[in-house]
Amino acid sequence: RLRTTLSQSATRLQPAPGWLGATQVAHAAVLAPRPAPGSREWNAGRPVLQYYAGVGHRFQPLLSFAALNRHVSQRRAGAARLLATALLARGVRSGDALYWEYDFSFQGGPVPWRSGFAQAVAAQALARAGVMLRDPSLHAAAAASFRGLRRTLLMPLAGGSWVREYGFTHQVILNAQLQ
């Protein structure tokens, strides 16, 4: 259970009593047009930042693409376009692949690092947004994201290819596999 506090500029999630640690989520400022203050989509075009002890608020690709999926599911075209544009601006190209990276050390891994789950959700969210918005550039970004997943975030296991949870480990993640 999470308690949610909403304000005009940030959403903060704090675990209910009994949970360890505290997670805070905020929305990053992006240089993109946005609706007037007070409108339903005021924070819609902003990527999600998550608080991590010792490093502060950092860009969180997985939660950002989950938010894009939510906008698409709710048929919020303006919010989806703004957020997709902001997320594409944060993408990192490597050849014809596109990645979203975490810019802090996690579990002793290198900086930057990539998440197979975030990459899978990115491919899906961009593809869904591309369909809803009829935007071929989002289809191309979804395909580039999927190429990135296939190139560096898969590993052979049990007669097939499985998605790595983190690009620097050999852990696999069923959620990403299903995605």
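A short tour of the structure in this document, coming up. This structure is a prediction, so every number in the text was calculated from the model and none was measured.

Side note on the overall build of the protein
For the protein, the count of helices and strands is five helices and eleven strands. Across the 179 residues in the protein, those meeting the buried criterion constitute 44%. Taking as baseline every contact in the protein between residues at least 6 positions apart, the subset at least 24 positions apart corresponds to 47%. About 9,600 Å² of surface is accessible on the protein, with carbon and sulfur atoms providing 55% of the total.

Notes on the environment of Ser94
Relative to the helices and strands, Ser94 resides in strand E6 (residues 92-94). Linking Ser94 and Ala144, residues 50 residues apart in sequence, is a C-alpha distance of 9.5 Å. Once you skip the residues sitting within four places of it in the chain, Ser94 turns out to touch Tyr99 and Arg151.

Some words on the pattern of salt bridges
With the rule as written, the count across this model stands at five salt bridges. Across the salt bridge formed by Asp96 and Arg151, the nearest N and O atoms sit 2.4 Å from each other. Linking Asp96 in the loop between E6 and strand E7 (97-99) with Arg151 in helix H4 (residues 136-152), this pair joins segments that are 55 residues apart in sequence. Each of Asp96, Arg147 and Arg151 takes part in salt bridges that share partners, so that together they form one network.

Describing the packing of aromatic side chains
Taken as a whole, this structure holds five aromatic pairs when the rule is applied. With centroids separated by 4.4 Å and ring planes inclined at 40°, the aromatic side chains of Tyr52 and Phe104 adopt a geometry described as tilted. With Tyr52 in strand E4 (residues 48-52) and Phe104 in the loop between strand E8 (101-102) and strand E9 (113-114), this residue pair connects regions lying 52 residues apart in the sequence. Taken individually, Tyr52 and Phe104 each receive the classification buried, so the pair is uniform in this respect.

Thoughts on the nonpolar core
Phe65, Leu68, Ala80, Leu87, Trp100, Leu126 and Leu138 are the most contacted members of the largest nonpolar core, which has 30 residues in total. When residues of this core are traced back to their parent elements, those giving at least two are E4, helix H1 (61-73), helix H2 (77-90), helix H3 (116-133) and H4. Element by element, the count of residues in this core is highest for H3, at nine residues. Beyond its immediate chain neighbours, meaning those up to four positions away, Leu126 contacts Phe65, Leu68, Leu88, Trp100, Leu138, Ala141 and Ala142. With six residues, the next largest nonpolar core counts Tyr52, Trp113, Ala118 and Tyr166 among its residues.

Cut-offs and rules
Residues numbered from 1 in each chain as written. Predicted model: local features only at pLDDT ≥ 70, side-chain atom pairs only at ≥ 80, totals over all residues. Heavy atoms only, no water. Helix = DSSP H or I, 4+ residues; strand = E, 2+ residues; numbered from the N terminus. Buried < 20%, exposed > 50% of the residue type's maximum accessible area, 1.4 Å probe, protein only. Contact = heavy atoms within 4.5 Å. Areas by Shrake-Rupley, 256 points an atom, 1.4 Å probe, with all protein chains shown as cover. Salt bridge = Lys/Arg side-chain N within 4 Å of Asp/Glu carboxyl O. Phe/Tyr/Trp six-rings, centres within 6.5 Å; stacked < 30°, edge-to-face > 60°. Core = buried A, V, L, I, M, F, W, Y, C linked by side-chain atoms within 4.5 Å.

Bear in mind that shape data such as this cannot, by itself, settle questions of function.
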